[in-house]
Protein chains: 2
Amino acid sequence: MVSVSPCPHGYPGEACIVCKVRHISVCAALSATELSALDELAQHVRFSQRETIFLQGADADWVYNITGGVARLYTLLPDGRRQIVGFALPGDFLGLAMGKTHPFGADAIEQVSACRFSRTAFSLLIDRKPHLLRRLHEFATHELSLAQDQMTLLGRRTAEEKVIMFLLGMRERWTRLGSASVTVHLPMSRQDMADFLGLSLETVSRTLNRLAREKVIILVPDGVRITDLERLIRPVAA
Amino acid sequence: MVSVSPCPHGYPGEACIVCKVRHISVCAALSATELSALDELAQHVRFSQRETIFLQGADADWVYNITGGVARLYTLLPDGRRQIVGFALPGDFLGLAMGKTHPFGADAIEQVSACRFSRTAFSLLIDRKPHLLRRLHEFATHELSLAQDQMTLLGRRTAEEKVIMFLLGMRERWTRLGSASVTVHLPMSRQDMADFLGLSLETVSRTLNRLAREKVIILVPDGVRITDLERLIRPVAA
DNA sequence: CGTCGCTTTGAGGTCCTTCAACCATGGTGG
DNA sequence: CCACCATGGTTGAAGGACCTCAAAGCGACG
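Under an unreviewed UniProt entry, the name given to chain A is Helix-turn-helix domain-containing protein, and the source organism is Microvirga puerhi.

**Student:** Even after reading the chapter, I still don't get the environment of aspartate 79 of chain A, so can you show me in this structure?
**Tutor:** Residues and elements named next belong to chain A. With respect to the secondary-structure elements, aspartate 79 resides in the loop between β5 (71-76) and β6 (82-88). In this structure, the C-alpha to C-alpha distance between aspartate 79 and arginine 176, residues 97 residues apart in sequence, is 37 Å. Here arginine 81 takes part through its side chain, which lies 2.9 Å from a polar atom of the side chain of aspartate 79.

**Student:** Is there a simple way to think about the UniProt feature "domain: Cyclic nucleotide-binding" (unreviewed entry) in chain A in this case?
**Tutor:** If you check UniProt for "domain: Cyclic nucleotide-binding" (unreviewed entry), the listed places come out as residues 26-95 of chain A in our numbering. Helix makes up 14% of residues 26-95 of chain A and strand 43%, whereas the separation of the span's terminal C-alpha atoms amounts to 12 Å.

**Student:** Just to check I follow, could you spell out the protein's contact with DNA strand D for this structure?
**Tutor:** Near DNA strand D lie 16 residues; those nearest to it are Ala159 and Thr203 of chain A together with Arg190, Ser205 and Arg206 of chain B. Sugar plus phosphate, as a fraction of atoms of DNA strand D within 4 Å of the protein: 57%. In the model, a phosphate oxygen of DNA strand D is placed 2.4 Å from a nitrogen or oxygen of the threonine 203 of chain A side chain. The contact in question runs from a base oxygen of DNA strand D to an N or O atom on the side chain of arginine 206 of chain A, over 3.0 Å. When contributions to the surface near DNA strand D are tallied by element, the ones reaching two or more residues are α6 (201-213) of chain A together with α6 (201-213) of chain B. Counting residues per element, the surface near DNA strand D draws most heavily on α6 of chain B, at five residues. Grouping the constituent residues of the surface near DNA strand D by class yields four nonpolar, seven polar and five charged.

**Student:** How do you make sense of the interface of chain B and chain A when you look at a structure like this?
**Tutor:** Often, the extent of an interface is quoted as the loss of accessible area on bringing the components together. Contacts between chain B and chain A engage 42 residues on the former and 42 residues on the latter. Together, Arg134, Met151 and Arg156 of chain B form the three largest contributors to the area buried by chain B at its contact with chain A, with a combined 22%. The shortest N-O distance in the salt bridge between aspartate 127 of chain B and arginine 134 of chain A comes to 2.5 Å. Of all elements in the fold, only β6 (82-88), α2 (119-128), α3 (130-156) and α5 (190-197) of chain B reach the threshold of two or more residues within the side of chain B that touches chain A. For the side of chain B that touches chain A, the leading source of residues is α3 of chain B, giving 18 residues.

Rules and cut-offs
Residues numbered from 1 in each chain as written. Chains lettered and ligands numbered in written order. Predicted model: local features only at pLDDT ≥ 70, side-chain atom pairs only at ≥ 80, totals over all residues. Heavy atoms only, no water. Helix = DSSP H or I, 4+ residues; strand = E, 2+ residues; numbered from the N terminus. Polar contact = N/O pair within 3.5 Å; in protein donor to acceptor, adjacent residues only side chain to side chain. UniProt positions renumbered as here; feature names shortened; annotations may be inferred. Near = heavy atom within 4 Å. Nonpolar A, V, L, I, M, F, W, Y, C, P; charged D, E, K, R; others polar. Contact = heavy atoms within 4.5 Å. Buried area = accessible area lost by both parts, 1.4 Å probe. Salt bridge = Lys/Arg side-chain N within 4 Å of Asp/Glu carboxyl O.

Take a look at the structure:
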């Protein structure tokens, strides 16, 4: 069950100030005084593993700032086919479109912490803070650019290229979050990767194991270690 | 060669007012007085068939408002594989990200008319007009939503579903532009459709001809006539 | 220690691609 | 005027990359 607390850190009115993802999230657009105003609107919530954050098509009562954990964002076809349109990491914002309903569903892969705001209240805040809107727009165009890259991957890359680019993409995202390491944290299942890459889970598994057999990576629980970055990059090199 | 004229309609300072796509483009956010200010910044340009509008990775000196014709937006892989990330129709805006370089290339399929603005000047205008930024943001999130739909199509749809959804999608876009008709205008080549749908041109051709043989559509020059909308929708129905 | 969820691995099949030839159209110049 | 060629579209045959179906392996957990 989702747990809600208005003041997660125990410092009333200062939660945003001490937030670990503040400078990489949309909130970075705000000054210290604006932040404490934002605190008034914020609710800190947690979702346990596999819990639904919101369903595709549901009313978008809240918008979310992910502060911890990884969520999957996906669309479902009526016959059950699924496309994961993205993985949300700490710092990511859910609800960029500020629309009445969610165009995709989201659920927690690991335990997820998030800061949530009433959509209507946040929308009003945006109208008063153009620099926040500009920041939101930057996030949206960044997402659009990623989506277009993913379209190229889905439409024109081979299975091996897809898997490799996924590994490199996740590596880069974790690196930018400061948790640089040779081990790439991958909390999602093979099925999740497959639904992100437009493959079957068996093809993902086979490809990862082939790369491991060729000593380019090592499979570890919840991730991979990249042992030969050169050879990993080669098949997808610019 | 691209032809430039500051005043395409012959009414100095009023080009925007009489613009046919004004109320559907980003400009709809502006008042009449703001529009005449925009005229100062605007240059009307034309691109002939097959002409490049800008290259992937090139400096984004200009942003564009498409006023007529159809352009293809695409990314290229080093080995020549191409993914068309979208078709730009009248009313569409190119340069939403306002970034220093274009993340994708664009060229004219038919003769294209466009209104262009210096990126830096337009960026400054945005800073002074929050409602224009909001409009830009709406365009960006709409594009993002389309891109995510396209990811689902590319990753999880069959060839037949891809082609049908393409036809229905183009039909809807033309309808929204007011040129409703049973004939869907498709100025792009089979290769363009294939690179948009993640298929080979032969598969696109075969699928279209099978639909024609089954009397669901009729192939006409530069488009199709939909003769049995019910049966066309059935395979992709929600 | 048995069960459950996820992953791995194998065998066989299929949807789509590739390669290739042919066809339609339209512009060009002898 | 029409052979000629260029461009884009259609159609066929064969092959392959990936999928589906199936079974077995492997922790984790009660």
